[in-house]
2 protein chains.
Amino acid sequence: MESLRLREPTSSLQGEIRAFVLGKIVGGEWAPGARVPSETELVARFGTSRMTVHHALKALTAEGYLRRVKGLGTFVAPPRAHVLHARLTDVADEIAERGGRHRCEVLDHDVRCASAAEAALFQLPPGERLLHARLLHFENDTPLQIEDRLIDPARVPGVEDLDPAAESYFAFLMGKVPYPAGRAVVRAVMPPMETRFLLRMGPEEPALEVERVTRAPDGAVLTVARLIYPGTRYVLSGEIAPPVGRAGDIAGDDE
Amino acid sequence: MESLRLREPTSSLQGEIRAFVLGKIVGGEWAPGARVPSETELVARFGTSRMTVHHALKALTAEGYLRRVKGLGTFVAPPRAHVLHARLTDVADEIAERGGRHRCEVLDHDVRCASAAEAALFQLPPGERLLHARLLHFENDTPLQIEDRLIDPARVPGVEDLDPAAESYFAFLMGKVPYPAGRAVVRAVMPPMETRFLLRMGPEEPALEVERVTRAPDGAVLTVARLIYPGTRYVLSGEIAPPVGRAGDIAGDDE
DNA sequence: GCCTGAAACTTGCCTATACAAGCTGGATTC
DNA sequence: GAATCCAGCTTGTATAGGCAAGTTTCAGGC
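Keep in mind the model is a prediction, meaning the values are calculated, not measured. (Residues numbered from 1 in each chain as written. Chains lettered and ligands numbered in written order. Predicted model: local features only at pLDDT ≥ 70, side-chain atom pairs only at ≥ 80, totals over all residues. Heavy atoms only, no water.)

## Focus on the sheet that holds strand β3 (residues 73-76) of chain B
All names here are of chain B.
Here comes step 1: In space, the three strands of this open sheet follow the order β1-β3-β2, with antiparallel pairing throughout. Here the strands that pair on one side only, and so sit at the sheet edges, are β1 (35-36) and β2 (66-69).
Here comes step 2: Where β2 lies against β3, four bridges are found, and the strand directions are antiparallel. Its bridge partner lying in β3, R68 is registered against T74.
Here comes step 3: Each of β2 and β3 touches helix α3 (residues 50-62); the most contacted strand, β2, lies at about 120° to it. (Pairing = 2+ DSSP bridges. Helix = DSSP H or I, 4+ residues; strand = E, 2+ residues; numbered from the N terminus. Contact = heavy atoms within 4.5 Å. Axes fitted to C-alpha atoms, helices over the stretch in contact; angles between N-to-C directions.)

Encoded structure:
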């Protein structure tokens, strides 16, 4: 309901310059690829020091609106692909946010030797020990999610002593590695009979499956989770925005 | 396959400070909520000027790793929800990237008066003119997507003269409003017979549906698109990373 | 004990200057 | 004509100083 970019901070000089440039860009006045006034020109226009202009433009560059080339100038960035930013939260938190009551049933919980496929996924030698858990999450006694998870216990100390019904693996892992990386795949599937039964799904009801690989900052796979939701009771949603780059990636010419 | 945060730019002084702080955070040495050395302390440690430290910390704040409070200090940001960053590209581009051949069939193409529900979606008075199009996209003669789209022609001049088979609405809209905002919802559905037939789906095959509302920067709804994919032929995937905030949002305490 | 106010700390922002490094275009030279 | 070099533009980075504004703490006065 709220329109985004409306409350731009024009209280500061940087904010004024930022609003000016961003306005020209999103308003379409400066087309992608067009040259933006140089720092010197903006200094003359706004009467500020060059550093002030520089930081305003640098911020817009980090956000993906501008592309700057040393020696050449500043340009409106080509419109890159849009990106869906969807939050992936703990089921318990998500339910709590809606004011619901969360409960969790443990379906499976064992330590087993990694199969060939699992070992490849974790980039470990086959036969390595892996913790496997399968949990059924309820919202107000209605099943909402099956969590099928593999964890490398060697990389997550203490995880073998965790009681999944008391503390979620998501929260536990979050505590151990607060800033993980990884990839996720979202697909529509027709789950097998047992899954349909556990989630109390209708005869023709599809499921939304989120498969998630979580890595430590050093690249090692910590956990692989398959989250299965009934299609009529769960949707994934998020905002759409241009992709944003980290400060370290500015130098990277990815095309 | 590539591990992220490894190639941090330590070539500059800012990069050194950034790498030092970020390393402590992702390494778990500084837990969320912990106090980060003040700018003055880091100045003493690295022997740089305060502005250098300031900009390094400010960048990490914009990326969501730190939280800074004027008068109090700098703290490791609480681990916020992870965010799935999934690219939403033009079908034609996506197919071209895979080296496939793209073709498009127009199923419906008309201008009609908005129903009550549609008018509410677009925040327009009922009965307003809306362009409606329904397209079937093929990859190498295999149907991959049904695009069901509504557009407000008053906000997108020239769209009524567009031939959807020649230029995609996605590309056309991108040219008109390069930096749109909006929301998207992803769900698993069991589509009706006609859709199943058009997409040549199996008898029990579910579909992945992406519903997308695109707004102009001023908040007005430009287009609503429903994209339907066969569940066995399409997945949505993306990277997982902490949410990133725009520079303008730093002041916003969202909790 | 309680309130007040000043001091000391924090971050936010701006200025002015300086040097490095990269690109462009034109004058010079061969 | 073609290659070369240099002046003049661009951005990237760092420095040193200053003021504003917010929080905490503690001493002093009531």
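## Quick word on the protein's contact with DNA strand D
Here comes step 1: Contacts to DNA strand D come from 26 residues, most closely from A:R50, A:R68, B:L13, B:S49 and B:T52.
Here comes step 2: When atoms of DNA strand D within 4 Å of the protein are split into backbone and base, the sugar-phosphate part holds 66%.
Here comes step 3: One of the side-chain nitrogen or oxygen atoms of A:T40 is found 3.4 Å away from a phosphate oxygen of DNA strand D.
Here comes step 4: Separating a phosphate oxygen of DNA strand D from a backbone N or O atom of B:Q14 is a distance of 3.4 Å.
Here comes step 5: For the surface near DNA strand D, the element with the most residues is helix α3 (residues 50-62) of chain A, which contributes four residues. (Near = heavy atom within 4 Å. Polar contact = N/O pair within 3.5 Å; in protein donor to acceptor, adjacent residues only side chain to side chain.)

## Quick look at the pattern of salt bridges
Here comes step 1: Throughout the structure, instances matching the rule amount to 40 salt bridges over all chains.
Here comes step 2: Notably, a salt bridge pairs B:R187 with B:E211, separated by 3.3 Å at the nearest N-O pair. Here B:R187, found in strand β8 (residues 181-189), pairs with B:E211, found in strand β9 (residues 207-215); they are 24 residues apart in sequence, far enough to count as distant.
Here comes step 3: One salt bridge connects B:R226 with B:E209, and the closest N-O pair in it is separated by 3.6 Å. Here B:R226 is found in strand β10 (residues 221-230), whereas its partner B:E209 is found in strand β9, with 17 residues between them in sequence.
Here comes step 4: Shared partners join several salt bridges into a network, and the residues in it are A:D148, A:R187, A:E209, A:E211 and A:R226. (Salt bridge = Lys/Arg side-chain N within 4 Å of Asp/Glu carboxyl O.)

## Topic: the sheet that holds strand β2 (residues 66-69) of chain A
Residues and elements named next belong to chain A.
Here comes step 1: The antiparallel open sheet is built from three strands, whose spatial order is β1-β3-β2. Each of the sheet's edge strands pairs with one partner strand only, and the pair in question is β1 (35-36) and β2.
Here comes step 2: Pairing analysis gives two bridges linking β1 to strand β3 (residues 73-76), with the strands arranged antiparallel. Across the sheet, V36 pairs through a bridge with T74, a residue of β3.
Here comes step 3: Here α3 sits on the sheet and contacts β2 and β3; the angle it forms with β2, its principal contact strand, is near 120°.

## Concerning the protein's contact with DNA strand C
Here comes step 1: Around DNA strand C, the surrounding shell holds 26 residues, and the nearest of these are A:L13, A:T52, A:G71, B:R50 and B:R68.
Here comes step 2: Counting only the atoms of DNA strand C within 4 Å of the protein, the fraction contributed by sugar and phosphate is 67%.
Here comes step 3: Within the contact set of DNA strand C, a phosphate oxygen lies 3.4 Å away from a side-chain nitrogen or oxygen of A:Q14.
Here comes step 4: Contact between DNA strand C and A:G71: a base nitrogen at 3.0 Å from a main-chain N or O atom of the residue.
Here comes step 5: Elements with a minimum of two residues in the surface near DNA strand C: α1 (13-26) and α3 of chain A together with α2 (39-46), α3, β2 and β3 of chain B.
Here comes step 6: For the surface near DNA strand C, the element with the most residues is α3(B), which contributes four residues.
Here comes step 7: Across the surface near DNA strand C, the residue classes break down as six nonpolar, 12 polar and eight charged. (Nonpolar A, V, L, I, M, F, W, Y, C, P; charged D, E, K, R; others polar.)

## Focus on the interface of chain A and chain B
Here comes step 1: Each partner contributes residues to the interface: chain A has 70 residues there, and chain B has 69 residues.
Here comes step 2: Carbon and sulfur atoms make up 60% of the surface buried where chain A meets chain B, a total of about 6200 Å² over both sides.
Here comes step 3: The tally of links from chain A across to chain B stands at zero salt bridges.
Here comes step 4: Of all the secondary structure elements, the ones that give two or more residues to the side of chain A that touches chain B are α1, α3, β4 (82-88), α6 (169-176), β8 (181-189), β9 (207-215) and β11 (236-241) of chain A.
Here comes step 5: For the side of chain A that touches chain B, the element with the highest residue contribution is β8(A), accounting for nine residues.
Here comes step 6: Tallied by class, the residues present in the side of chain A that touches chain B amount to 41 nonpolar, 14 polar and 15 charged. (Buried area = accessible area lost by both parts, 1.4 Å probe.)

## So, α3(A)
Here comes step 1: For α3(A), built from 13 residues, the straight-helix expectation of 18 Å at 1.5 Å per residue is met to within 8% by its first-to-last C-alpha distance of 18 Å.
Here comes step 2: Buried residues of α3(A): A:T52, A:V53, A:H55, A:A56, A:L57, A:L60 and A:T61, and no others.
Here comes step 3: In this structure, the buried side of α3(A) is in contact with α1, α2 (39-46), β2 and β3 of chain A together with α3 of chain B.
Here comes step 4: Looking at the residues trailing α3(A), positive phi occurs at A:G64, about 95°. (Expected span 1.5 Å × (residues − 1). Buried < 20%, exposed > 50% of the residue type's maximum accessible area, 1.4 Å probe, protein only.)

## Brief notes about empty space enclosed by the protein
Residue and element names in this part refer to chain A.
Here comes step 1: Across all of its chains, the model carries six cavities of 30 Å³ or more by this definition.
Here comes step 2: Quantified by volume, the largest cavity comes out at close to 280 Å³.
Here comes step 3: For the largest cavity, the lining is made up of 25 residues, of which T89, R149, F170, R212 and L227 are closest to its centre.
Here comes step 4: Within the residue set of the lining of the largest cavity, elements represented by two or more residues are β4, α4 (91-97), β7 (142-151), α6, β9 and β10 (221-230).
Here comes step 5: At five residues, β10 tops the list of elements feeding residues into the lining of the largest cavity.
Here comes step 6: Along the lines of polarity and charge, the residues of the lining of the largest cavity split into 14 nonpolar, five polar and six charged.
Here comes step 7: Its boundaries defined by the atoms lining it, the second largest cavity holds a volume of some 170 Å³. (1 Å grid on protein atoms, 1.4 Å probe; cavity = no way out; pocket = protein on both sides within 12 Å on 5 of 7 lines; lining within 4 Å. Points joined across faces, edges and corners; volume = space filled by probe spheres on them.)

## Observations concerning the nonpolar core
Here comes step 1: Of all hydrophobic cores here, the largest spans 34 residues; its most connected members are A:L236 and B:L236.
Here comes step 2: Those residues within four positions of A:L236 in sequence are excluded, and the remaining contacts are A:A86, A:L88, A:V186, A:L208, B:L84, B:A184, B:V185 and B:V186. (Core = buried A, V, L, I, M, F, W, Y, C linked by side-chain atoms within 4.5 Å.)

## Concerning the domain arrangement of chain A
Here comes step 1: Under the domain assignment, chain A is made up of domain 1 (9-79) and domain 2 (85-239).
Here comes step 2: In this structure, domain 1 of chain A and domain 2 of chain A have C-alpha centres spaced 43 Å apart. (Domains from an automatic or database assignment.)

## A closer look at the environment of A:A77
Here comes step 1: Here A:A77 shows up in the loop between β3 and β4.
Here comes step 2: Taking the C-alpha atoms as reference points, A:A77 and A:G64, 13 residues apart in sequence, are found 6.8 Å from one another.
Here comes step 3: In this view, A:A77 contacts A:P32, A:G64, A:Y65, A:L66, A:R67 and B:Y179; residues no more than four positions away in its chain are not counted.

## Observations regarding the relation of the copies chain A and chain B
Here comes step 1: Superposition of chain A onto chain B requires a rotation of 180° combined with a translation of 0.0 Å along the rotation axis, giving an RMSD of 0.2 Å. The relationship between the two copies is best expressed as a two-fold rotation axis.
Here comes step 2: A symmetric contact is evident, with 99% of the interface residues of chain A recurring at the interface of chain B. (Least-squares fit on C-alpha atoms with pLDDT ≥ 70 in both.)

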